[in-house]
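Take a look at the letters that make up each chain.
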Amino acid sequence: MSLEDTPVGRALAAYAAAVNAKDVDAFAAIYDDDVHIFDSWGQWQYSGIDEWRAMATGWFESLGDETVEVGFADLRSTVGDDVAFGHAAVTFTGISATGERQRAMTNRLSIGLRRTDGAWRVVHEHTSLPIDMESGSAIFSR
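Conventions adopted
- Chains are numbered independently. Their residues run from 1 in the order of the written sequence.
- For a predicted model such as this one, the threshold for reporting local features is a pLDDT of at least 70, and the threshold for listing and counting side-chain atom pairs is 80 or more; totals across whole chains, interfaces and linings nevertheless cover every residue.
- Each side-chain value is derived from all of the structure's non-hydrogen atoms; neither hydrogens nor water enter the calculation.
- Counting from the N terminus, the helices are the DSSP runs of H or I reaching at least four residues and the strands are the DSSP runs of E reaching at least two.
- A helix's residues, less one, multiplied by 1.5 Å, set its expected span.
- Whether a residue is buried, partly exposed or exposed follows from its accessible area with a 1.4 Å probe, protein chains only, as a fraction of its type maximum: under 20%, in between, or over 50%, in that order.
- In this description, one arc is meant: the one made by directions from the helix axis to the C-beta atoms.
- The contact rule is simple, with two residues in contact once any of their heavy atoms fall within 4.5 Å.

Trainee: I'd love a proper account of helix H3 (residues 49-62), names of residues and values included.
Mentor: Taking 1.5 Å as the rise per residue, H3 with 14 residues should run 20 Å; its terminal C-alpha atoms sit 20 Å apart, in good agreement. Along H3, the residues classified as buried are Ile49, Trp52, Met55, Ala56 and Phe60. Looking down the long axis of H3, one finds its buried residues gathered within 125° of arc, a one-sided arrangement. Exposed residues pointing more than 90 degrees away from the buried face of H3 are listed as Asp50, Glu61 and Ser62. Looking at the buried residues of H3, the elements they touch are helix H1 (7-21), helix H2 (24-28), strand E1 (31-38), strand E2 (45-47) and strand E6 (119-128). Looking one or two places after H3, you find glycine 64, whose phi comes out positive at around 60°.

Below, the structure written as C-alpha cells:
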C-alpha cells in the first residue's frame, strides 16, 4: 500500500508538497478550522487554523531561498468511517537554492483526521523528539 492509499497518507503527501512549495494556502487546507497542534518548535500548542496558518507563514518566510523536503517513514494508520489515526517518522531536510542538502532532522508524528462532508481534515497533530535523559537535549535523528 502506498502513502497515498489512505486518508492519513494523502494528508501527509499534501503536507510534504505544501511545505516544499512554501504554499500557506495548500498547507492550511489540510487542517480543520478547529485543529489542535502540539508542536516541537516555537510554542507549546496551536489552537485553531488561524494560529497554525500564522505559524506556517512565519516558517515559510524564514526559509528565504531555501526549501524543505519532507519525507515519511514507518507510516501506520487506522481508518474508520469518519475518523482516521496515523503515526510516522517525519524527516525535514533543508535544501539550498542550488539544490544542496544543508541539514536534516527527524521528528515523531501522530496525526488524527475527521471526515466532514466527505472531506478528510487534520483535527489533531502531535510532533515530538526523543530526549537524551542525561543531557536533557533533544535527539534530532533516529
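Trainee: Any details on unusual backbone geometry? Residues and values, ideally.
Mentor: One non-glycine residue with positive phi stands out, namely lysine 22, at about 55°. As for its placement among the helices and strands, lysine 22 is situated in the loop between H1 and H2. Relative accessible area serves as the criterion here: at 25%, lysine 22 is assigned to the partly exposed category. The residue aspartate 74 is not glycine, and still its phi comes out positive at about 55°. The topology assignment puts aspartate 74 in strand E3 (residues 67-79). Here aspartate 74 falls in the partly exposed class, since its relative accessible area comes to 49%.

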